[in-house]
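Below, each chain spelled out in residue letters.
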Number of protein chains: 6
Amino acid sequence: MRILVANVNTTQTMTDGIAEAARAVAAPGTEIIGLTPDFGAESCEGNFESYLAAIAVMDKVVKYEGQYDAVIQAGYGEHGREGLQELLTVPVVDITDAAASTAMYLGRSYSVVTTLDRAVPLIEDRLILAGLHDRCASVRSSGLGVLELESDPERAIQAIAAEAQRAVEIDRAEVIVLGCGGMAELKQRVVELCGVPVVDGVQAAVAVAEGLVRLGLTTSKVRTYAQPRPKRITGFGTRTR
Amino acid sequence: MRILVANVNTTQTMTDGIAEAARAVAAPGTEIIGLTPDFGAESCEGNFESYLAAIAVMDKVVKYEGQYDAVIQAGYGEHGREGLQELLTVPVVDITDAAASTAMYLGRSYSVVTTLDRAVPLIEDRLILAGLHDRCASVRSSGLGVLELESDPERAIQAIAAEAQRAVEIDRAEVIVLGCGGMAELKQRVVELCGVPVVDGVQAAVAVAEGLVRLGLTTSKVRTYAQPRPKRITGFGTRTR
Amino acid sequence: MRILVANVNTTQTMTDGIAEAARAVAAPGTEIIGLTPDFGAESCEGNFESYLAAIAVMDKVVKYEGQYDAVIQAGYGEHGREGLQELLTVPVVDITDAAASTAMYLGRSYSVVTTLDRAVPLIEDRLILAGLHDRCASVRSSGLGVLELESDPERAIQAIAAEAQRAVEIDRAEVIVLGCGGMAELKQRVVELCGVPVVDGVQAAVAVAEGLVRLGLTTSKVRTYAQPRPKRITGFGTRTR
Amino acid sequence: MRILVANVNTTQTMTDGIAEAARAVAAPGTEIIGLTPDFGAESCEGNFESYLAAIAVMDKVVKYEGQYDAVIQAGYGEHGREGLQELLTVPVVDITDAAASTAMYLGRSYSVVTTLDRAVPLIEDRLILAGLHDRCASVRSSGLGVLELESDPERAIQAIAAEAQRAVEIDRAEVIVLGCGGMAELKQRVVELCGVPVVDGVQAAVAVAEGLVRLGLTTSKVRTYAQPRPKRITGFGTRTR
Amino acid sequence: MRILVANVNTTQTMTDGIAEAARAVAAPGTEIIGLTPDFGAESCEGNFESYLAAIAVMDKVVKYEGQYDAVIQAGYGEHGREGLQELLTVPVVDITDAAASTAMYLGRSYSVVTTLDRAVPLIEDRLILAGLHDRCASVRSSGLGVLELESDPERAIQAIAAEAQRAVEIDRAEVIVLGCGGMAELKQRVVELCGVPVVDGVQAAVAVAEGLVRLGLTTSKVRTYAQPRPKRITGFGTRTR
Amino acid sequence: MRILVANVNTTQTMTDGIAEAARAVAAPGTEIIGLTPDFGAESCEGNFESYLAAIAVMDKVVKYEGQYDAVIQAGYGEHGREGLQELLTVPVVDITDAAASTAMYLGRSYSVVTTLDRAVPLIEDRLILAGLHDRCASVRSSGLGVLELESDPERAIQAIAAEAQRAVEIDRAEVIVLGCGGMAELKQRVVELCGVPVVDGVQAAVAVAEGLVRLGLTTSKVRTYAQPRPKRITGFGTRTR
């Protein structure tokens, strides 16, 4: 099967890292296609940038020419998933949701460790709307920006592991979710430092998407995610499947 | 003071109707400026169109040259408010929130009567995130599309009044909120037919915005709505105040 | 228009301070009438005193001879609002609710800073019943009694600002609500010390009440706030409008 | 032991009925003293009347000369319990709470059948604040006023049984709570008609109060129900124990 | 009346202590019968042991030959209550629920102090399902195992009192619940050290059970707790009443 | 990999059907081992039978001699999952949870259609504890017993499809979950009749379990699911991995 993995920001190196993390866990015969939006922010760290990413991802996905079986939106706590679900019938998996529902199989509660403090409310809101917030012990920020994760991985590991430790001890989390698209490679180190299972959203999303496809399941079209009604739209071309 | 009232769709006649409804309740000395997005759907009836509207409204507002004291986002249950709050320091009032919090002063519970069934989940999600859902008795749909409201007002009144009546009798609503940007002129008729207070979002938002401005209050910038960080953004020009 | 602002306790100087704070933000043409109950506690700091205030305020308001367009109950976290709503058709605005719903337009979450620790549960209960608690980050107490706020304003400012700071840093509040009828004059100082918007309940209530009146909205009479049924009542005279 | 059972309204015959119902289940050695307020409404059917009853009950209880071990507030869904808890150290049991927590031992969910529709919101609010609403399937009204229950018992039984039946079948209630102070004598008939356990609040409250007294438990005075602070109070004499 | 008090573990000395605590508060004429399961763990400290206890208690109770009027399941936060309710018509009272609902009459919020950290989630889950969690301020663990409570009572008192103190000061609890079957004798000491009411589950359950029996109430059989359907069951003999 | 699929009841033909449904979706290289408990009910339809199944499943699994990578508990709304999670380190997937979290990827809300009315509360409780209830529109029963599903499949399909239809139209479900271990073969028919995605718990659980294993994730052992403490256990032999 073929899965499109859409980065939410315009940094190609991050798309490459995300696709690589996805391929590392993909089943034999699963092809991972990384997509980088044609417009938007080099990194998403707030609502304005996230809303822009929402349509940039929709734009990129609907412009994709080939066949595909599922789409992963690879931004943590970003807007837009419901829009993709309207435009497509194939399963759409947001890494925010995939990481949370995966973590809930491993422990009674989970915490998310993300980048900047300002990302925390966005993540909380997405988890609430997804109906996956009840068992969320906390969403904590490492204080590092998205791009700093790439520029100084060692510092990132230390900062993330420190917050993960606080989540386990203070917030009583039993599983840690890495709340950012670019954190996969830090995973093993955090596991060693914290002693609890650590879930990376992109990799969790690959497993979820493969499962949905193998089960032959598609997006419900009866109400919330029904195809958009035919109408005049200015300044944004949509071709849908 | 000057208040920008941003329509979420590209239909100019609807912008005119919204601005007119706003002016009908504006205090002496309040100037209402109607804005129509430069791109997007002729009417917003789903997530894809709403996400598109989110950035179209941000685009239009940040491009506005003059001074202004507050911004009203005049779409019911639409995405985008948090983005505007990041980009601006003046108060941003979404008509979804304004109508709900106004209704809560008049009765113990309120119901929203909107257009299509597919709009119901969007409205519920916005009210949940705004923290205004606890006293929401129900969100009901009249089954009419946004544009049908304009083309056949009498039929619209009957359909909306019928749902409002069900909300009062079955869902135990004590106040009705008109869940669409273009419903203001139907208000009086629905009041007569249902015998409960009826709140129009645009008009409620004008009163709220005027109040916030007169109290000298502005958007908090400590976390969720902090100014976006300076970074490279492709394909969308932002000038913020 | 004329707005009655009812103090919940029998201290005339506090009524004067409340009315002054209200006039400071009232629109041109709005007349503010301060009312002091004829019986009850010199300051309300608990349920017994608050229940007494509830009927003392109803008693004072229904005995008021003149015309008026709205009533503000100027006690933070006090009982009684629903009773006034039954007795009147004009809008009734409790400063507890007005401050909370106003704060919710300015940030994603708010904290209330009140007087004594024992007032915290009353405030939390009122916010829960009003459906305005979801976005409440915390209710904190300065440890000062209501009358101490008046006797030693400088100490009050320091104590309130300190709690406000904790609310912003620890509880992640983005807006501060001053949880007491007599705090309006401290507002500006707290803003300077905390760097977040600060909302005073009395002033917020004036803006809300003016808005409701200008929108021509009145209390719903279909169920919860229906006029009391005619019956024999001993020891309390009610004349209602 | 001696238990004061305070009626919330001024109808002596209802006090007698309540006291009789209490005595019917009281343990040997338990003395039941019925109290009728010196002022207020002949029947409580709304917030104004309920707030008045709140202080009328406090007034009557604190004026009681003799010793007593517990107080029962015998009004369903009425204000005031927290005030009594401040003024007294002996246990205070509201029949609203006693009926609900008793019902929760007998089935997974319960419904309350009360008098007028306007009483429903008051009951829901009290159950929410008491933390006993999670397992409440519904609060239904028979449409009969409090005094009609006495004047036409047979009609009352039919109306209450009909609502109880709907609660079991439609709302999935497994236990029925009689939501009024004067319903005890209807209990057996409703049990026969509905086939589920039926709980009368006054009788449940007697059992709860006796249990608390025998366990030697008293009201916590650390915060919410601490003794009122000494202060000048006008127009209401309080002597507390 | 006769009440069966079923210990959840196989330690006879603990059964004896529980029965003694029960008898200390039982009304004249109430006979307390302590039951020890025929299989299971010497102490229950987790889900596996608790599930085993669930059927061990059912097994022991249904095998009991004599008459009885109520059953108390004397394990804090253990599984099984719903099963007993299906098998019996007499009231079944779990000490987890009895302690919580009793505490809620004494203060606005309560905290549970239990044994090991791993017991905390079980207790929280039981309280959530019982609909008694809303007013739970926290569940704290003393870090001592069930058997350590017996072997070193003085150390247990200190550890429990220390957590109780934190619950009152940090979590704002107003009442403390002793979250273990074997803590009754520590109660008085903790009261002295903490200055708030302290509720022992076993003793609270005796008062609740006595009350339910005196009120003539039995378990609802309409749905959740209906008698098991007749069917072939292997390896577990059930005789039910 | 090898996955153990444990039936909760003692009917071998049902185990065979479950294993067959699991194999139909298992990835190449996944071996499915069906387990039938050595004791318990021929079908689980209530709490007593479910508690018995809980330990019967644990007993059967821990007695299993070979290697395995994950365990699926194939009973809908049954007790016991947390016990297995304590005893094992490999992932444990309950079909109740797997079906719900899978459904949540396909639509905004889902409904469960189960067998008997008495199973509804058990399912609701499990979903609440799993933190997967927020987006549950309803749990409906077909009125058919577990064994009737096998004896009269055509009647089962009609009854289930009818409830599914009501869930979509009345409860606004967008996805249907088949709430029973033996319903897999009915799935396609219900899809055709209802026009929304239909999720079978066993098949969803296989995909989830395969994903968790491929991601190398195991159960967190820091608190809730820590290995049982070494202690004397009577009448139940546990060997754990």
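How each quantity is defined
- The residue numbering used here restarts from 1 in each chain and proceeds along that chain's sequence as written.
- Chain labels run from A onward and ligand labels from 1 onward, assigned in the order the entries are written.
- Reporting of local features is limited, given that this is a predicted model, to residues whose pLDDT is at least 70; pairs of side-chain atoms are given and counted only at 80 or more, and all residues count toward the totals for whole chains, interfaces and linings.
- Values reported for side chains reflect all heavy atoms of the structure, with hydrogen atoms and water molecules removed beforehand.
- Note on definitions: salt bridges are taken to be side-chain nitrogens of Lys or Arg within 4 Å of carboxyl oxygens of Asp or Glu.
- Each helix is a run of DSSP H or I of at least 4 residues and each strand a run of E of at least 2, with the numbering of both proceeding from the N terminus.
- Burial classes follow relative accessibility: with a 1.4 Å probe on protein chains only, a residue under 20% of its type's maximum area counts as buried, one over 50% as exposed, and anything between as partly exposed.
- Our superposition of the copies is a least-squares fit, built on the C-alpha atoms of residues whose pLDDT is at least 70 in both.
- A contact between two residues is defined here by any heavy atoms of the two lying within 4.5 Å.
- Excluding any residue in a salt bridge, patches collect residues exceeding 30% relative accessible area, merging like charges within 9 Å and nonpolar Val, Leu, Ile, Met, Phe, Trp and Tyr side chains within 5 Å.
- The protein chains shown are the only cover counted for residues, whose accessible areas, like all others here, come from Shrake-Rupley with a 1.4 Å probe.
- Charge counting treats Lys and Arg as positive and Asp and Glu as negative, with His and both chain ends excluded.
- By convention, charge coordinates are those of NZ in Lys, CZ in Arg, CG in Asp, or CD in Glu.
- Each axis is a line fitted through C-alpha atoms, and for a helix only the stretch in contact is used; angles between axes span 0 to 180 degrees, taken between their N-to-C directions.
- Here the angle decides the label: under 35 degrees means roughly parallel, over 145 means roughly antiparallel, 65 to 115 means roughly perpendicular, and every other value means oblique.
- Each helix crossing is assigned a hand: it is left-handed if the near helix lies turned anticlockwise from the far helix by less than a right angle, otherwise right-handed if that turn is clockwise.
- Three categories are distinguished: nonpolar for Ala, Val, Leu, Ile, Met, Phe, Trp, Tyr, Cys and Pro, charged for Asp, Glu, Lys and Arg, and polar for the others, with Gly belonging to the last.
- Two parts lose some accessible area (1.4 Å probe) when they are put together, and adding that loss for both gives the buried area.
- We define a polar contact as two N or O atoms separated by no more than 3.5 Å, with the added condition that, inside protein, one atom must be a possible hydrogen donor and the other a possible acceptor, whereas residues neighbouring each other in sequence contribute only through side-chain atom pairs.
- Residue ranges assigned to each domain were obtained from an automatic or database domain assignment.
- The pairing criterion for strands is at least two bridges between them, as found by DSSP.
- For the purposes of this analysis, a disulfide is any pair of cysteine sulfur atoms at a distance within 2.5 Å.

## Focus: the pattern of salt bridges
Residue and element names in this part refer to chain A.
Right, so step 1: Under the defined criterion, the tally for this structure stands at 126 salt bridges over all chains.
Right, so step 2: With its nearest N and O atoms 2.6 Å apart, the salt bridge here joins Asp171 to Arg140. Of this pair, Asp171 sits in the loop between helix 7 (153–169) and strand 8 (175–178) while Arg140 sits in strand 7 (residues 136–141); the two residues are 31 residues apart in sequence, bridging distant segments of the chain.
Right, so step 3: Residue Arg140 is classed as buried on the basis of its relative accessible area, which comes to 17%.
Right, so step 4: Each of Asp38, Asp59, Lys60 and Lys63 takes part in one network of salt bridges that share partners.

## What to know about the relation of the copies chain D and chain C
Right, so step 1: Between chain D and chain C, which share one sequence, the superposing operator has a rotation angle of 180° and an axial displacement of 0.0 Å; the RMSD is 0.0 Å. The superposition of one copy onto the other is thereby described by a two-fold rotation axis. For chain D, the residue whose C-alpha comes nearest the rotation axis is Tyr51(D), separated from it by 3.4 Å.
Right, so step 2: Taken together, the interface assignments show that 100% of the residues at the interface of chain D recur at the interface of chain C, consistent with an identical surface on both copies.

## Quick notes on unusual backbone geometry
Right, so step 1: Despite not being glycine, Arg172(D) has its phi angle at roughly 65°, a positive value.
Right, so step 2: Summarising the element assignment, Arg172(D) is placed in the loop between helix 7 (153–169) and strand 8 (175–179).

## What about a negative patch on the surface?
Right, so step 1: Judged by side-chain charge, Asp16(A), Glu20(A), Glu150(A) and Glu185(A) come together as a negatively charged surface patch.
Right, so step 2: Tracing the chain through its elements places Glu150(A) in helix 6 (residues 146–151).

## Here we look at the packing of helix 2 (residues 47–63) of chain A against helix 2 (residues 47–63) of chain B
Right, so step 1: At a closest axis distance of 9 Å, the pairing of helix 2 of chain A and helix 2 of chain B adopts a crossing angle of 130°. Relative to helix 2 of chain B, the element helix 2 of chain A lies oblique. When the axes of helix 2 of chain A and helix 2 of chain B are compared, the crossing they make is left-handed. Residues Phe48(A), Tyr51(A), Leu52(A), Ala54(A), Ile55(A) and Met58(A) of helix 2 of chain A lie in contact with helix 2 of chain B, whose contacting residues are Phe48(B), Tyr51(B), Leu52(B), Ala54(B), Ile55(B) and Met58(B).
Right, so step 2: Grouping the amino acids of the contact of helix 2 of chain A with helix 2 of chain B by side-chain chemistry returns 12 nonpolar, no polar and no charged.

## Overview of the interface of chain E and chain D
Right, so step 1: Taken together, the contact pairs 49 residues of chain E with 49 residues of chain D.
Right, so step 2: A buried area of about 3900 Å², summed over both sides, lies between chain E and chain D, and 56% of it is on carbon and sulfur atoms.
Right, so step 3: In this assembly, chain E and chain D are joined by 2 salt bridges.
Right, so step 4: The residue Arg214(D) makes a salt bridge to Glu210(E) at a minimum N-O spacing of 2.1 Å.
Right, so step 5: Counting every contact that joins chain E to chain D gives 21 residue pairs in polar contact (both at pLDDT 80 or more).
Right, so step 6: If you list the elements that add at least two residues to the side of chain E that touches chain D, you get strand 5 (92–94), helix 4 (95–103), helix 5 (119–130), strand 9 (198–200) and helix 9 (201–214) of chain E.
Right, so step 7: When residues in the side of chain E that touches chain D are grouped by element, the largest group, 8 residues, is from helix 9 of chain E.

## With respect to the domain arrangement of chain A
Residues and elements named next belong to chain A.
Right, so step 1: The domain architecture assigned to chain A consists of domain 1 (2–95 + 203–214) and domain 2 (97–200).
Right, so step 2: Its C-alpha centre places domain 1 at a distance of 19 Å from the equivalent point of domain 2.
Right, so step 3: At the interface, 25 residues of domain 1 touch 24 residues of domain 2.
Right, so step 4: Here domain 1 meets domain 2 over a buried area of about 2000 Å², counting both sides, of which 59% is carbon and sulfur.
Right, so step 5: Area buried by domain 1 at its contact with domain 2 is led by Met14, Glu45 and Tyr76, which between them contribute 35% of it.
Right, so step 6: Counting across the interface, domain 1 meets domain 2 through 1 salt bridge.
Right, so step 7: A salt bridge links Asp97 to Arg81, with the shortest nitrogen-to-oxygen separation between them at 2.9 Å.
Right, so step 8: Inspection of the domain 1/domain 2 interface yields 10 residue pairs in polar contact (both at pLDDT 80 or more).
Right, so step 9: Mapped by element, the contributors of at least two residues to the side of domain 1 that touches domain 2 are helix 1 (12–25), helix 2, strand 5 (92–94) and helix 9 (201–214).

## Structural notes on the sheet that holds strand 2 (residues 31–35) of chain B
Residue and element names in this part refer to chain B.
Right, so step 1: Within the open sheet, the 4 strands sit side by side as 2-1-4-5. Their pairing is parallel. If you trace the sheet from one side to the other, it starts and ends with strand 2 and strand 5 (92–94), each paired once. Averaged over all neighbouring strand pairs, the angle between strand axes comes to 20°, with direction disregarded.
Right, so step 2: Alignment of strand 1 (residues 2–7) against strand 4 (residues 70–74), held across 5 bridges, turns out to be parallel. Residue pairing for strand 4: Leu4 is matched across the bridge by Val71.
Right, so step 3: Of the strands in this sheet, strand 1, strand 2 and strand 4 touch helix 1 (residues 12–25), which is tilted by about 165° from strand 2.
Right, so step 4: Lying on the sheet, helix 9 (residues 201–214) is in contact with strand 1, strand 2, strand 4 and strand 5; it crosses strand 4 at an angle near 160°.

## Description of the relation of the copies chain E and chain D
Right, so step 1: At an RMSD of 0.0 Å, chain E and chain D line up after a rotation of 180° and a shift of 0.0 Å along the axis.
Right, so step 2: Comparing interface residues between copies, 100% of those in chain E also sit at the interface in chain D, which points to an isologous, same-surface contact.

## Observations regarding the state of the cysteines
As used in these notes, a disulfide is a covalent bond between sulfur atoms, one from each of two cysteines.
Residue and element names in this part refer to chain E.
Right, so step 1: Here the structure, examined in full by the defined rule, presents 0 disulfides over all chains.
Right, so step 2: You can see Cys194 has no disulfide; the closest cysteine sulfur is in Cys136, sitting 16 Å from it.
Right, so step 3: You can call Cys194 buried: its relative accessible area is 9%.

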